[in-house]
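Descriptive structure summary
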Amino acid sequence: MRQPKHLWGALAALALGAHAVAAEETSPGLSAFAPAGTLALGVNYWASKSATRMWQDWEPEEIAKDLDVLVAHGVTFLRVFPRWDVFQPIWEAHHPWRDQHVETYLTADERPRPETPAGDAGVDERMMERFEAFCDLCAARGLRLVVAPLTGQMTFRVYVPQALERRDLYADPVALMWERRYLDYFVRRMRHHRAIAAWESGNETRVLGPIASPEAVEAWLAFIHGTIRLADPTRPVIGPDTCQITEGNWRIDRVAPMSDVLAVHPYNMWKKAYLDEGNGIRNAFFAPSCRLALEQIGGKPAFVEEHGLRRAECMSRANAARYARGLCWNLLASGGRGLGWWCAFDQDNQMIPPYDWKEPCLELGAFKSDRTPYPIAKALARFMSFVRSLPFPAVPVAKTDCVIVVRDDEMVNSTYVLARQAGLQPRFADPTKRLPEAPVYFLPDARGRACLSLRHWEELKARVRDGGATLAISWNDTFLSGHEEVFGAEIERRTPGKPVFRPITAEVLEREPDGRPRFLKNRYGKGTVYLLSRPLAAAANNKTGGFDSDAWKYYARVCPKRLLVEDRVRDVTVSEHPFADGSIGVILVNNAATRVATTPKVADGWSVASALTDDADAATWADGELRLDGNAGILLLLKKEGAR
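Residues numbered from 1 in each chain as written. Predicted model: local features only at pLDDT ≥ 70, side-chain atom pairs only at ≥ 80, totals over all residues. Heavy atoms only, no water.

**Focus on the overall build of the protein chain**
When helices and strands are counted, the protein chain shows 17 helices and 30 strands. Scaling as 2.2 N^0.38, a compact globule of 644 residues should have a C-alpha radius of gyration of about 26 Å, and the protein chain matches this with 26 Å. A burial count over the protein chain gives 60% of its 644 residues as buried. The long-range share in the protein chain, meaning contacts at least 24 apart out of those at least 6 apart in sequence, stands at 71%. When the accessible surface of the protein chain is summed, it comes to about 24900 Å², and 51% of that surface belongs to carbon and sulfur atoms. When the 81 positive and 81 negative side-chain charges of the protein chain are each reduced to one mean point, those points stand 4 Å apart. (Helix = DSSP H or I, 4+ residues; strand = E, 2+ residues; numbered from the N terminus. Rg over C-alpha atoms; globule rule 2.2 N^0.38 Å. Buried < 20%, exposed > 50% of the residue type's maximum accessible area, 1.4 Å probe, protein only. Contact = heavy atoms within 4.5 Å. Areas by Shrake-Rupley, 256 points an atom, 1.4 Å probe, with all protein chains shown as cover. Lys, Arg positive; Asp, Glu negative; His and termini not counted. Charge placed at Lys NZ, Arg CZ, Asp CG, Glu CD.)

Structure below.
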């Protein structure tokens, strides 16, 4: 099996300053942009003046100015997009009644393809020269690149070569032939360049058209990623963005095995973002939770490759900066690696499609189209400077406390919020696969059989019954086999939307106002089973204020945890990061928009040696008093009393 070299060192060094970076794992593609526990800042880049026409309207002097501004604000990597139709501008001439091509030309003026390697691949060598010049500009500034050659979709517009427009890009033999030729030539032509850190097929290649099945996804990715790896076996290949778990064709279990690094494009604005305060905990955790679930379920390093805000409809520029600050803190606390902002510059100066269409939002940049930085760019730069200044190479990854079995990204987000409010660090699991070993399991909103096969359900029961694990199930028309014995209760009758449970061996911990059992506890063999009679995660996720209640106490009751720093504030989350020398880093993040002032309790035998933050005006620790502005964070370094 091919073992790609870890070529992330230079980029990781940019993210971490002078610290040496050691590989903490042995899997291919490790340390995507930075090791776990650090955070590298990137942007998705189109030129500020010409956007998607940057390769045709080539202006290297203007691009150089763009890059200088980005570097000055802490950007260390760019995700860049050779437009597929521009770099492989092939056109077909067809016979009038036979469904076959007669000749494939280079460009619309029917210029014959040169008898060269580039011509054979249908590639415009002038564009390759421009791309190489662009790489030179980036290398001179220490910028590393994620290159997406098969960029056939961008901002709701299709950019597919004319010769392939009416073909199935995932299955048609002619389309696959030209895709292979293009990728093979592009990657071989550019693999020498030191600015390139990783390859990926293209931008959101999962939306190049309909695809038949998950099997078709796996076959296409094996073909595309295999082509890239044959052309350049030294760099990781990033998989198409996904957080699909049990449903959909582009599921994690189909993308991850074909990829070295995984990417997520978590835009909560397409989900439930506007049910709550934009700077509240619902949105603060959406991107970090999706990244964490992708990495834990996929088993490969994952990073937030693309994320942004439709700011104008939800918050001021100042609040957007606070949102970005909190996002960085939460990413760092959950493993970090990398954040790629969408996008570098506003695109409000473009009168071309797709920007002239009704769909796209034009003001998603960290900078204005004239390169003026927004407050969000300054907040990101300040946080990256903070990361580089840390007195250690990485924040150790927090230990997990429980497994949460999830079926989609909204369940990931809602359960993550509740678990983190309870002080827990979850490990997410795919119910269609064998569950990892854990002392505590949550089956949230267990609809039907909770997507569990009979063998996986029986194995989970055995871990509780024979192994002493704890299982917590929130009921949602659940019909897991043998549930009366496991739950210690049966459904006596069903009123509209409200099951009435009758305890058999279970203890009733809480009742509804009308007396119906709401929360039950049952001894099952050596283990314990908790049953909640309502779908808690969905109830919290689907309504305004759903995370402003005491719902998190369900997680705290099932899996109680004593934290070294108890802040007693629901939306100030705490994570513990153990260093090898016995000291502990504790990250506290205020996931609300309003300021918090509190006196946390530090566990006996521990003391706070130092407090580190990205913004001393927004976060302070003095004489045991903690103050955190909205979306601010702080890192406390704890040591055992008496330790040197």
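So much for the structure itself; the text now carries on.
**Considering helix 12 (residues 375-389)**
In a regular helix each residue adds 1.5 Å, so 15 residues correspond to 21 Å; helix 12 covers 21 Å between its end C-alpha atoms and thus fits that length. For helix 12, the complete set of buried residues consists of I376, A377, A379, L380, A381, F383, M384, F386 and V387. (Expected span 1.5 Å × (residues − 1).)

**As for the packing of helix 11 (residues 317-333) against helix 12**
Two elements in contact, helix 11 and helix 12, have axes separated by 7 Å at closest approach and are oriented at 30°. With respect to their mutual orientation, helix 11 and helix 12 come out roughly parallel. Along this stretch, helix 11 crosses helix 12, giving a crossing that reads as right-handed. Residues R317, A320, A321, A324, C328, W329 and L332 of helix 11 form the contact with helix 12, whose own contacting residues are P375, I376, A379, L380, F383, M384 and F386. Of the residues contributing to the contact of helix 11 with helix 12, the split by class is 13 nonpolar, no polar and one charged. (Axes fitted to C-alpha atoms, helices over the stretch in contact; angles between N-to-C directions. Parallel < 35°, antiparallel > 145°, perpendicular 65-115°, else oblique. Left-handed = near helix turned anticlockwise from the far one by under 90°. Nonpolar A, V, L, I, M, F, W, Y, C, P; charged D, E, K, R; others polar.)

**A look at the environment of D85**
Checked against the element boundaries, D85 lands in helix 3 (residues 84-87). It is 9.2 Å that separates the C-alpha atoms of D85 and V158, two residues lying 73 residues apart in sequence. Residues within four places of D85 in sequence aside, it is in contact with Y159, V160 and P161. Of note is the side chain of D85, whose polar atom sits 2.8 Å from the side chain of R83. (Polar contact = N/O pair within 3.5 Å; in protein donor to acceptor, adjacent residues only side chain to side chain.)

**Let's talk about the pattern of salt bridges**
For the structure shown, the criterion picks out 53 salt bridges. With a closest N to O distance of 2.7 Å, E62 and R371 form a salt bridge. Taken together, the residues span a long stretch of sequence, with E62 in helix 2 (residues 60-72) and R371 in the loop between strand 12 (336-341) and helix 12 at a distance of 309 residues. You can call R371 buried: its relative accessible area is 17%. In this structure, R465 engages D466 in a salt bridge whose closest nitrogen and oxygen atoms are separated by 3.3 Å. For D466, a relative accessible area of 44% corresponds to the partly exposed category. One network of salt bridges, with partners in common, ties together E215, E218, R251, D253, R254, D430 and K433. (Salt bridge = Lys/Arg side-chain N within 4 Å of Asp/Glu carboxyl O.)

**Observations concerning the sheet that holds strand 30 (residues 633-640)**
Across the sheet, four strands lie side by side as 23-24-30-27; this open sheet has antiparallel pairing. Taken across any chain shown, the strands that pair with only one partner, and hence form the sheet edges, are strand 23 (572-578) and strand 27 (606-612). Ignoring which end each strand starts from, the neighbouring axes of this sheet average 25° apart. As judged from the seven bridges shared by strand 23 and strand 24 (residues 584-590), these two strands associate in the antiparallel manner. Pairing of S575 across the sheet is with I587, part of strand 24. Contacting strand 23, strand 24, strand 27 and strand 30, helix 11 runs over the sheet at an angle of about 150° to strand 24. (Pairing = 2+ DSSP bridges.)

**A few points about the confidence of the model for the protein chain**
Segments scoring low in pLDDT should not have their predicted coordinates read at a detailed level. Counting all residues, the mean pLDDT for the protein chain is 91, and 93% of those residues have values of 70 or more. Predicted confidence for residues 1-32 stays below pLDDT 50, and this span has 85 contacts to residues more than four positions away or in other chains. (pLDDT = per-residue confidence, 0-100.)

**A closer look at the packing of aromatic side chains**
With the rule as written, the count across this model stands at 31 aromatic pairs. For the ring pair W55 and F87, a centre distance of 5.5 Å and an interplane angle of 80° mean the geometry is edge-to-face. In this pair, W55 sits in the loop between strand 1 (38-44) and helix 2 while F87 sits in helix 3, placing the two residues 32 residues apart along the sequence. Plain terms: the ring middles of W329 and F383 are 5.3 Å apart, the flat faces sit at 80° to each other, and that makes the pair edge-to-face. Taken together, the residues span a long stretch of sequence, with W329 in helix 11 and F383 in helix 12 at a distance of 54 residues. For the pair shown, W329 and F383 are each scored as buried. Aromatic rings pair up to connect Y45, W55, W58, F87, F131, F134, Y182, F186, W199, F345 and F367 into one cluster. Across from the ring centre of W178, 4.9 Å away, lies the NZ or CZ of R181, which sits over that ring. (Phe/Tyr/Trp six-rings, centres within 6.5 Å; stacked < 30°, edge-to-face > 60°. Lys NZ or Arg CZ within 6 Å of the ring centre and 35° of its normal.)

**Thoughts on the nonpolar core**
Counting residues in each nonpolar core, the largest one holds 151 residues, and the members touching the most others are Y45, L70, L78, F131, F134, F442 and Y555. Those residues in contact with F442, other than ones at most four positions away along the chain, are C402, V403, I404, V405, A472, Y554, Y555, V558 and C559. Grouped together as the second largest cluster of nonpolar side chains are 27 residues, V405, L471, I473 and L531 included. (Core = buried A, V, L, I, M, F, W, Y, C linked by side-chain atoms within 4.5 Å.)

**Observations concerning the state of the cysteines**
By definition, a disulfide links the sulfur atoms of two cysteine residues through a covalent bond. Overall, the coordinates contain zero disulfides when judged by the stated rule. Of the cysteine sulfurs around C135, a residue in no disulfide, the closest is that of C138, at 6.4 Å. Here C451 stays unpaired: no disulfide links it, and the sulfur of C243, its closest cysteine neighbor, is 15 Å away. Since its relative accessible area comes to 38%, C451 is described here as partly exposed. (Disulfide = S-S within 2.5 Å.)

**Concerning the packing of helix 5 (residues 125-140) against helix 6 (residues 173-190)**
Following both chains from N to C, one finds helix 5 and helix 6 inclined at 40°, their axes separated by 11 Å at the closest point. With respect to each other, helix 5 and helix 6 are oriented oblique. As helix 5 runs across helix 6, the sense of the crossing is right-handed. Two secondary-structure elements touch here, helix 5 through E125, M128, E129, F131, E132 and C135 and helix 6 through Y185, F186, R189 and M190.

**Digging into the pairing of strand 24**
Counted residue by residue, strand 24 has seven buried out of seven residues, so it is predominantly covered. Both faces of strand 24 are covered, namely the face carrying I584, V586, L588 and N590 and the face carrying G585, I587 and V589. If you look at the hairpin formed by strand 23 and strand 24, you'll find five residues sitting between the two strands, and G582 has a positive phi there, around 95°. In terms of strand pairing, strand 24 meets strand 30 through six bridges, oriented antiparallel. Note on strand 30: the bridge partner recorded for V589 is G633.

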